[in-house]
Amino acid sequence: MDICVIGAGYVGLTTSAVLANFGHNVYCVEKESEKVEMLKRSKIPIFEPGLEEMVVENQRKERLAFTTDLSKAIEESSIIFVTVGTPASTDGSPNLSFLNKVVDELVPLIQSYKIIVIKSTVPLGTNERIHKELMERGVSPDLFDVVSNPEFLREGSAVHDMQYPDKIVIGVKSLRPIEQMQKLYQDIEAPSIITSLTGAEMIKYASNAFLAMKISFINEIARISEAYHVDITEVALGLGMDPRVGPYFLQAGLGYGGSCFPKDLCALEFLAKEKEITPHLLQATREVNETQIEQYMKKIRKEFPDLTNKKLTVWGAAFKPNTDDIRHSQAMKLIEQLAREGCHLHVYDPVVTVAMPHVTFYQSLYDSIDQTDGIIIATDWNQFKEADWSFIKEKMKGKIVIDCRNCIEPSRIKNNGLTYVGVARP
Ligand code: NAD
């Protein structure tokens, strides 16, 4: 099939590469010309495991092309994916300016039947509104269908997740586009859910809200467990064995971040309040998460009562492992707070480097610990779990390791004469 994907970010680039890999012809349209130039040279602007290889392979097979020229891509495609960002505005409401701009651009270009697939996460009612707007602006309803097809990939395993999703959600207004959508995804073995346009939007928000709630839930249980000297890893293990709960997203730590959970939770909270519904659980989920940084700052201040001029190592800046994304990263928030309190920070993240005052980013894990007073683990990259703690003991000045992700087995650190601080790990 001939497909146009609008936006070459985490979702758009992955969608383009995976659909091309399934044998479709894909035009990926990106408004930033520098990104397009990079992509034409097979250079990927983001870090996502396996993505670069897939892009290169499909460019070579001439199934994947990058362009800034929307009109040619639309003319040649029957299915148009919209994957532009929908960030939060300052009041928490979703900022739909990128999406609205795409709709403006599409109006004059729809000259033959197109399926417009909205993959971006959008507020309830947006797909219906787009359908109505296109008609009101003179596009014949015979020439288009709007489909809501939210994306559930996780950064860090985006390519895998898009090839092997646990479900495909397809929201429609009529039956007409369903066959084409099923044909498009015929190589993916996953159950599909056909629902209304707004139903699909809600499935996406509810999924992210539920997952965020699981994280805040275990973080709250960790606070209580710590007060009663209970090991939270054992609690999570026992809790997760119940199939009604499941074992995932039960690791206590610094909390969730990234470009999706925080803004999607805010959006749902906003949407609820617009209908005069008090979203108690959503508010509590956000409040627990927002106070996690301070919970860990307390632990850090306990170990280092005077943070002024302390030389500390922080491992991890990305919002989670295997990505370079630092949008709403809890690790970055912790780094900023420590810098504000006067620390000199040596930061190491396998793929992130940022220029900021009082912070030096290192290119090597072991260089980052030279003569520092302690290590703070802020993102649970595997590399940190496999570190050589006896070497670290020799190289570091201090002895404290504060594991803000509960990701290291405490005995590995203690057995090397270092002090381990996690949450609720007596
Ligand atoms: P992103 O910011 O990484 O990428 C968006 C891209 O769209 C950018 O490259 C931007 O330049 C481009 N763009 C904006 N307007 C354009 C236009 N008019 N024409 C062409 N290109 C344009 O965003 P993302 O992380 O890929 O997220 C996209 C959407 O998918 C969001 O709604 C997000 O909530 C949702 N989503 C993201 C993830 C994730 O893990 N990142 C997962 C599921 C869903």
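Rules and cut-offs
- Residues numbered from 1 in each chain as written.
- Predicted model: local features only at pLDDT ≥ 70, side-chain atom pairs only at ≥ 80, totals over all residues.
- Heavy atoms only, no water.
- Buried < 20%, exposed > 50% of the residue type's maximum accessible area, 1.4 Å probe, protein only.
- Helix = DSSP H or I, 4+ residues; strand = E, 2+ residues; numbered from the N terminus.
- Pairing = 2+ DSSP bridges.
- Patch = residues over 30% accessible without salt bridge, like charges linked within 9 Å, V, L, I, M, F, W, Y side chains within 5 Å.
- Areas by Shrake-Rupley, 256 points an atom, 1.4 Å probe, with all protein chains shown as cover.
- Salt bridge = Lys/Arg side-chain N within 4 Å of Asp/Glu carboxyl O.
- UniProt positions renumbered as here; feature names shortened; annotations may be inferred.
- Contact = heavy atoms within 4.5 Å.
- Core = buried A, V, L, I, M, F, W, Y, C linked by side-chain atoms within 4.5 Å.
- Disulfide = S-S within 2.5 Å.

Description of the pairing of strand E5 (residues 114-118)
Phase 1: With five of its five residues buried, E5 lies for the most part within the structure.
Phase 2: Neither face of E5 is open: one carries Lys114, Ile116 and Ile118, the other Ile115 and Val117, and all of them are buried.
Phase 3: Across four bridges, strand E4 (residues 79-82) lies against E5 in parallel orientation. Bridge assignment links phenylalanine 81 to a residue of E5, and that residue is valine 117.
Phase 4: Pairing analysis gives five bridges linking E5 to strand E6 (residues 144-148), with the strands arranged parallel. Counted as the bridge partner of isoleucine 115 is aspartate 145 from E6.

Points about a nonpolar patch on the surface
Phase 1: A cluster of nonpolar side chains, Ile224, Tyr228 and Val230, forms an exposed patch at the surface whose accessible area comes to about 320 Å².
Phase 2: Along the chain, the position of tyrosine 228 falls in the loop between helix H9 (197-227) and helix H10 (232-240).
Phase 3: Take tyrosine 228: its relative accessible area is 64%, and that puts it in the exposed class.

Let's talk about the UniProt feature "binding site: NAD(+)" (unreviewed entry) in the protein
Phase 1: Per the UniProt annotation, the sites labelled "binding site: NAD(+)" (unreviewed entry) are Lys35, Thr86, Thr121, Glu155, Lys263 and Arg327. What stands out for the annotated residues spanning 293 residues is how far apart their C-alpha atoms range, the widest pair being 24.7 Å apart.
Phase 2: Here threonine 121 lies in the loop between E5 and helix H6 (126-136).
Phase 3: The contact partners of threonine 121, leaving out residues within four places of it in the chain, are Thr86, Lys204, Tyr205, Lys263 and Asp264.
Phase 4: The residues contacting glutamate 155, other than those within four sequence positions of it, are Tyr10, Glu48, Ser259, Phe319, Lys320, Thr323, Asp325 and Arg327.

Looking at the nonpolar core
Phase 1: In this structure, Trp315, Leu334, Leu338, Leu345 and Trp389 are the most contacted members of the largest nonpolar core, which totals 56 residues.
Phase 2: Broken down by element, this core gets its largest block of residues, six residues, from helix H14 (residues 330-340).
Phase 3: Not counting the four nearest positions on each side in its chain, leucine 345 is found in contact with Leu312, Val314, Ile335, Leu338, Ala339, His358, Val359 and Thr360.
Phase 4: Membership of the second largest hydrophobic core comes to 37 residues, among which are Tyr10, Leu19, Ile44 and Phe81.

Quick notes on the UniProt feature "active site" (unreviewed entry) in the protein
Phase 1: Within this structure's numbering, the places UniProt gives as "active site" (unreviewed entry) are Cys260.
Phase 2: One can find cysteine 260 in the loop between H10 and helix H11 (261-274).

Brief notes about the state of the cysteines
Phase 1: Enumeration over the complete set of coordinates arrives at zero disulfides.
Phase 2: Left without a disulfide partner, cysteine 260 is nearest to the cysteine sulfur of cysteine 266, which lies 13 Å away.
Phase 3: Not part of a disulfide, cysteine 343 finds its nearest cysteine sulfur in cysteine 404, a span of 12 Å.

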